[in-house]
Amino acid sequence: MKALIHVQHLLGTGHAVRAAAIGRALAEAGVAVTLVTGNRLPPTLDTGGLAIERLAPARAADASFARILNEAGAPIDNAWRAERTRALTAIARRVAPDILVTETFPFGRRQFAFELEPLIETVRAARPGALVASSVRDILVRKEDPAKERAMAETAARLYDLVLVHADPSFVRLEDSFPFAGEIADLIRYTGFVHTPSALEPAGEDGRDEVVVSCGGGPVGGRLIEAALGARALSRRAGDATWRILVGHEHGGAMLRALQARASAGTIVEPARPDFARMLHRARLSVSQAGYNTVLDVLSAGCAAVLVPFAEGRETEQSQRAQLLATRGRATVLDEADVDSSRLAAACDAAIAAGRPPATTVDTEGALHSAAILIEAARKPR
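All values reported here derive from a predicted model rather than from experimental measurement.

The next point concerns the packing of helix 3 (residues 113-126) against helix 4 (residues 146-159). At their nearest, the axes of helix 3 and helix 4 sit 12 Å apart, and the two run at 15° to each other. By the angle between their directions, the pair helix 3 and helix 4 is classed as roughly parallel. Helix 3 and helix 4 meet at a crossing whose hand is right-handed. Facing Glu-117, Ile-120 and Arg-124 of helix 3, the residues of helix 4 in contact are Thr-155, Arg-158 and Leu-159.

Applying the stated criterion across every chain, the model contains six aromatic pairs. Pairwise contacts between aromatic rings join Trp-80, Phe-112 and Phe-114 into one cluster. The cationic tip of Arg-81 hangs over the ring face of Phe-114; the distance from NZ or CZ to the ring centre is 6.0 Å.

In spatial order, the strands read 12-11-10-13-14-15; together these six strands make up an open sheet with parallel pairing. The open sheet is flanked by strand 12 (267-271) and strand 15 (332-333), the only strands paired with a single partner. As paired strands, strand 14 (residues 305-307) and strand 15 are joined by two bridges and run parallel to one another. Across the sheet, Leu-307 pairs through a bridge with Val-333, a residue of strand 15.

What follows is about the pairing of strand 7 (residues 131-136). Within strand 7, six of the six residues are buried, which leaves it mostly tucked inside the rest of the structure. Chirality of the crossover, the property in question, places the unit of strand 6 (residues 99-103), helix 3 and strand 7 among those that are right-handed. Here strand 7 pairs with strand 8 (residues 162-165) via four bridges, running parallel. Residue pairing across strands places Val-136 opposite Val-165, the latter belonging to strand 8. Following the chain from strand 7 across helix 4 to the adjacent parallel strand 8, one finds a crossover that is right-handed.

Let us look at helix 9 (residues 317-327). Listed in full, the buried residues belonging to helix 9 are Glu-317, Gln-318, Arg-321, Ala-322, Leu-324 and Leu-325. The buried residues of helix 9 all sit within an arc of 155° when viewed along its axis, so they share a single face. Contact partners of the buried residues in helix 9: helix 8 (292-301), strand 14 and strand 15. Directly beyond the C-terminal end of helix 9, a positive phi value near 70° is found at Gly-329.

Looking at the secondary structure, you find Ile-188 in strand 9 (residues 188-190). Overall, the relative accessible area of 14% leaves Ile-188 in the buried class. Counting along the chain gives 55 residues from Ile-188 to Ala-133, while the straight-line C-alpha distance between them is 9.8 Å. Residues in contact with Ile-188, not counting those within four places in the same chain, are Val-163, Val-165, Leu-174 and Ala-181.

Moving on: the sheet that holds strand 8. The seven strands are arranged 3-2-1-6-7-8-9 in an open sheet whose pairing can be described as parallel. Each edge of the sheet is formed by a strand with only one pairing partner; in this case those strands are strand 3 (51-54) and strand 9. The mean inter-strand angle of the sheet, taken between neighbouring strand axes irrespective of direction, is 20°. In this structure, strand 1 (residues 2-7) lies alongside strand 2 (residues 32-37), joined through six bridges in parallel fashion. Bridged to Leu-4 within strand 2 is Thr-34. In the packing of helix 1 (residues 14-28) onto the sheet, contacts are made with strand 1, strand 2, strand 6 and strand 7, and the angle to strand 1 comes to roughly 175°.

The alternating pattern of strand 10 (residues 211-214) places Val-211 and Val-213 and Val-212 and Ser-214 on opposite faces, both of which are buried. With four bridges joining them, strand 10 and strand 11 (residues 243-247) adopt parallel strand pairing. Of the residues in strand 11, the one forming a bridge with Val-211 is Trp-243. Judged from the three bridges that link them, strand 10 and strand 13 (residues 285-288) form a sheet pairing that is parallel. Looking across to strand 13, one finds that Val-211 is bridged to Leu-285.

What counts and what doesn't
Residues numbered from 1 in each chain as written. Predicted model: local features only at pLDDT ≥ 70, side-chain atom pairs only at ≥ 80, totals over all residues. Heavy atoms only, no water. Axes fitted to C-alpha atoms, helices over the stretch in contact; angles between N-to-C directions. Helix = DSSP H or I, 4+ residues; strand = E, 2+ residues; numbered from the N terminus. Parallel < 35°, antiparallel > 145°, perpendicular 65-115°, else oblique. Left-handed = near helix turned anticlockwise from the far one by under 90°. Contact = heavy atoms within 4.5 Å. Phe/Tyr/Trp six-rings, centres within 6.5 Å; stacked < 30°, edge-to-face > 60°. Lys NZ or Arg CZ within 6 Å of the ring centre and 35° of its normal. Pairing = 2+ DSSP bridges. Buried < 20%, exposed > 50% of the residue type's maximum accessible area, 1.4 Å probe, protein only. Right-handed = clockwise from strand over helix to strand, strands pointing away. Arc of directions from axis to C-beta.

Put into structure tokens, the structure is as follows:
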């Protein structure tokens, strides 16, 4: 059995992390998996067992996602779109997968419908009866125009056999962020959260009783980093701790060096680390955005947490996720628009004063469940 997974991350890298985890689970079950990526994969990503196909890279110009840029930083044009479509459909014909998974689309990535709808048509022509599935995270970004959300449901009903929702329905359900979930209820399968943290243990005492500040794998989170640089000196409950600020690789080396030059005593600034998840098990406090993978790392570690959800442009997903944790007593939330050193220090003090958060049990075997669901469905005639 063969599978092809398409993933296009534009800012953060969580989409690629989740897609690769599902790919590895399929590979471990004996499926030959090809992961097609439309952007550069993060250097810490485990792609063991996967055949990687790289399309011409694309990224968002900013958090509005209004402009998509090519590798040279220029807006993509029709010639670029035609070449990407040609390359992607050629891969599909060569692989002829039994299982096709599109990450996010059609519930996002509408700018890439130009290549994804031809991809589905090509797969169905190359392998009649192939299973076509969409892979979506727990919470979707809300659209101001309900017609756009209805169109997503209509596309799913027209083109897809399954919609894998990577969430524990006892914690959050698709209808909490997508009002037309009922119209595709027959397609939806909840998989549990996809959480595959690194088992790498930090060296020495790294992370021990520290405040670990992270901003995900993409080029966002600059306001949080700036606030963290000055918050240690203002904190009553964490001013004695080492503050370790982890900077995403896409911020670039020049920014990293500039931040390191400004860091005061007791503050360490370094690149994002593959042992981040295990470091949280040692930490006094986690300070982060509220991305899918980071929140799962925080829940798994059981540490006190401050969440500063990414909310630029029209982003609603991280704010909704952060509030879910706050209502369960699992995190202190600080709005991104309000973040500065003094407010961040106060939020850290409040989170530490609240003590160890209550345990939260959710299904985090989403990669394994996704693989099992896909393999079982692919074996059934359609």
